[in-house]
Amino acid sequence: ALEALGGYGGDFATVLASVRIANRADVVLSTVDTVGIPLMLVKRLGRLRPPLVYVAIGLPERLAQLRSRRMRGLYASALESCAVVLAYSEKEVEDIRRWVAGQGATVRAEFVPFGVDCGSFAPNGVAATDEVVSVGADPHRDYELLVRVASRMPDVAFRIVTSADHARALGSRPANVALETNLPFEEMWKRLAAARLVALPVRENSYSGATTVLLQAMALEKPVVVTRTSAIATGYGLVDGENVRLVAPADDEGFERALADVLRDNLHARALGVSARATVERELSWERYVDRLEEHLRDAAAAPAPSRSEPR
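Note that the structure is predicted; figures quoted are calculated from it, not measured.

(A) Representation of the environment of E221 within the structure. If you trace the backbone, E221 turns up in the loop between α9 (211–219) and β9 (224–227). Sequence-wise, E221 and L2 are 219 residues apart; in three dimensions their C-alpha atoms are separated by 47 Å. The residues contacting E221, other than those within four sequence positions of it, are P123, R270, G273, V274 and R277. Within the local environment of E221, its side chain forms a polar contact with the side chain of R270, the two groups lying 2.6 Å apart.

(B) Quick peek at a negative patch on the surface. Where like charges cluster on the molecular surface, the negative patch consists of D117, E287, D291, E295 and D299. Counting through the fold element by element, E295 comes out in helix α12 (residues 286–302).

(C) Geometry of the sheet that holds strand β3 (residues 84–87). Spatially, β1-β2-β3-β4 is the arrangement adopted by the 4 strands of the open sheet, whose pairing is parallel. Each edge of the open sheet is held by one strand with a lone partner, namely β1 (28–30) and β4 (109–111). Averaged over all neighbouring strand pairs, the angle between strand axes comes to 20°, with direction disregarded. Of the pairings in the sheet, the one linking β1 to strand β2 (residues 52–56) comprises 3 bridges and is parallel in character. Residue pairing across strands places S30 opposite Y54, the latter belonging to β2.

(D) Geometry of the sheet that holds strand β8 (residues 195–200). With parallel pairing, the 6 strands of this open sheet are ordered in space as β7-β6-β5-β8-β9-β10. On the outer flanks of this sheet lie β7 (177–181) and β10 (245–247), each paired with one strand and no other. Within this sheet the neighbouring strands show an average axis-to-axis angle of 20°, counted without direction. Judged from the 5 bridges that link them, strand β6 (residues 158–162) and β7 form a sheet pairing that is parallel. The residue of β7 that forms the bridge with V161 is E180. Set on the sheet, helix α6 (residues 143–151) makes contact with β5 (130–135), β6, β7 and β8; between it and β6 the angle comes to about 165°. Packing of helix α10 (residues 252–263) onto the sheet brings it into contact with β5, β6, β8, β9 and β10, and relative to β8 it is tilted by some 165°.

(E) Up close: the pairing of β3. Neither face of β3 is left uncovered, since the one carrying V84 and L86 and the one carrying V85 and A87 both have all their residues buried. Pairing geometry for β2 and β3, over 4 bridges, is parallel. Paired with V53 across the two strands is V84, which belongs to β3. In this sheet, β4 lies alongside β3 in parallel orientation, the contact comprising 3 bridges. By the bridge assignment for β4, V85 is matched with A109. Taken together, β3, helix α5 (residues 90–102) and β4 form a β-α-β motif whose crossover is right-handed.

(F) Layout of the pattern of salt bridges. Taken as a whole and assessed by the stated rule, the structure comprises 25 salt bridges. Across the pair E281 and R277 runs a salt bridge whose closest N-O atoms are separated by 3.2 Å. In this pair, E281 and R277 both sit in helix α11 (residues 266–283), 4 residues apart, roughly one turn of the helix. Classification of R277 as buried rests on a relative accessible area of 11%. A salt bridge links E294 to R298; its shortest N-O distance comes to 2.8 Å. Here the residue E294 and the residue R298 both occupy positions in helix α12, the gap between them amounting to 4 residues, near one helical turn. The exposure class of E294 is partly exposed, given its relative accessible area of 33%. Overlapping salt bridges bring together D130, R159, E180, E187, K190 and R191 as one network.

(G) Spatial organisation of the nonpolar core. Counting residues in hydrophobic clusters, the biggest one holds 43 residues, and the most contacted among them are L214, M218 and V224. For this core, the leading source of residues is α9, giving 6 residues. For V224, the residues in contact, after removing those within four places along its chain, are L197, V198, L200, L214, A217, M218, V244 and R245. In this structure, V15, M40, L52 and A56 belong to the second largest nonpolar core, which totals 31 residues.

Calculation notes
- What you see as residue numbers is a count from 1 along each chain, following the sequence as written.
- Thresholds applied to this predicted model are a pLDDT of at least 70 for local features of residues and 80 or more for the giving and counting of side-chain atom pairs; totals over whole chains, interfaces and linings are not thresholded and use all residues.
- Calculated side-chain values reflect all of the structure's heavy atoms, with hydrogen atoms and water omitted.
- The helix and strand labels rest on DSSP assignments: H or I over at least four residues marks a helix, E over at least two residues marks a strand, and numbering proceeds from the N terminus.
- By the convention used here, residues are in contact when the closest approach between their heavy atoms is within 4.5 Å.
- For the purposes of these results, a polar contact is taken to be a pair of N or O atoms within 3.5 Å, where, inside protein, one atom must be able to donate a hydrogen and its partner to accept one; residues adjacent in sequence count only when each atom of the pair is a side-chain atom.
- Patch construction takes residues with relative accessible area above 30% that form no salt bridge. Like charges are linked within 9 Å, and nonpolar side chains (Val, Leu, Ile, Met, Phe, Trp, Tyr) are linked within 5 Å.
- With residues, only the protein chains shown are counted as cover, and all accessible areas are computed by Shrake-Rupley using a 1.4 Å probe.
- By definition here, a salt bridge exists when the distance from a side-chain nitrogen of Lys or Arg to a carboxyl oxygen of Asp or Glu is within 4 Å.
- Charge convention: Lys and Arg are scored as positive, Asp and Glu as negative, and His as well as the terminal groups of each chain are ignored.
- A charged residue contributes its charge at one atom only: NZ of Lys, CZ of Arg, CG of Asp or CD of Glu.
- Note: two strands are recorded as paired if DSSP finds a minimum of 2 bridges between them.
- Only the stretch in contact is used when a helix axis is fitted, and all axes are lines through C-alpha atoms; the angle between N-to-C directions ranges over 0 to 180 degrees.
- Any residue under 20% of the maximum accessible area for its type is buried, any over 50% is exposed, and the rest in between are partly exposed; the area is computed with a 1.4 Å probe on protein chains only.
- Call a crossover right-handed when, viewed with both strands pointing away from you, the route from the first strand across the helix to the second goes clockwise.
- The definition of a nonpolar core used throughout is a set of buried Ala, Val, Leu, Ile, Met, Phe, Trp, Tyr and Cys residues joined through side-chain atoms within 4.5 Å.

Here's what the structure looks like:
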């Protein structure tokens, strides 16, 4: 019914079945949009009493799909009812604030950089057996670009670890590209650990810069070539040539050049990896991420309940 009226849905069945339990909490945390959207609407209707902390991952793209002024007003009002909306991208935070303001509402939206478990993802001294490895299944991965680059580097072995859907979309590939799908977590970890170089091409978007795998590879002390999407351009301390190699979106030649530069210069590759590990240990560890998230949860739980405005 919501979608028929121009809205964007989600897992309302799970949310509505959990409201009674949620109302016994000091604060409610949503970690995905399919739950966050129903929760904020339930909160706006007064059915959810505790403060709501909503972690958004690609929310602006979903808000852009709202098809009526009435729905845009409802969603802006629902976002306004959240204690805070968090995002793992400074660009996504800016987009959320701008969209809500455009509907005549206000929202507290804050950037929280994601983190990596530096203990689980740590250099193990095992010699690299694969040259270029790319891992990930999110819809913005640009494996077509990587295959085009690989076709121009026939003497370099590439390995792509992704979903079956991505694999089907790729179709044919050159002989120097190995493809694996739907690997268990431990096997994925092994592929990253065996890489001489990690390549992460991503299409431009506001929330994904292959962020999880990027941080995992950096923690493993791997040199990484990654697309400079808006999602990671700021906020993560990434410096081209210092702790990663950054390439503009859809730049085949730039990506190929960065890969070749790292592969032919072992000292440069080693320096990138060491600096990458230092960056995540200093600012992007799992502990730092949890501390930041805990601070927002405690603030939300301690804040007085805001007065509820009239529906828009």
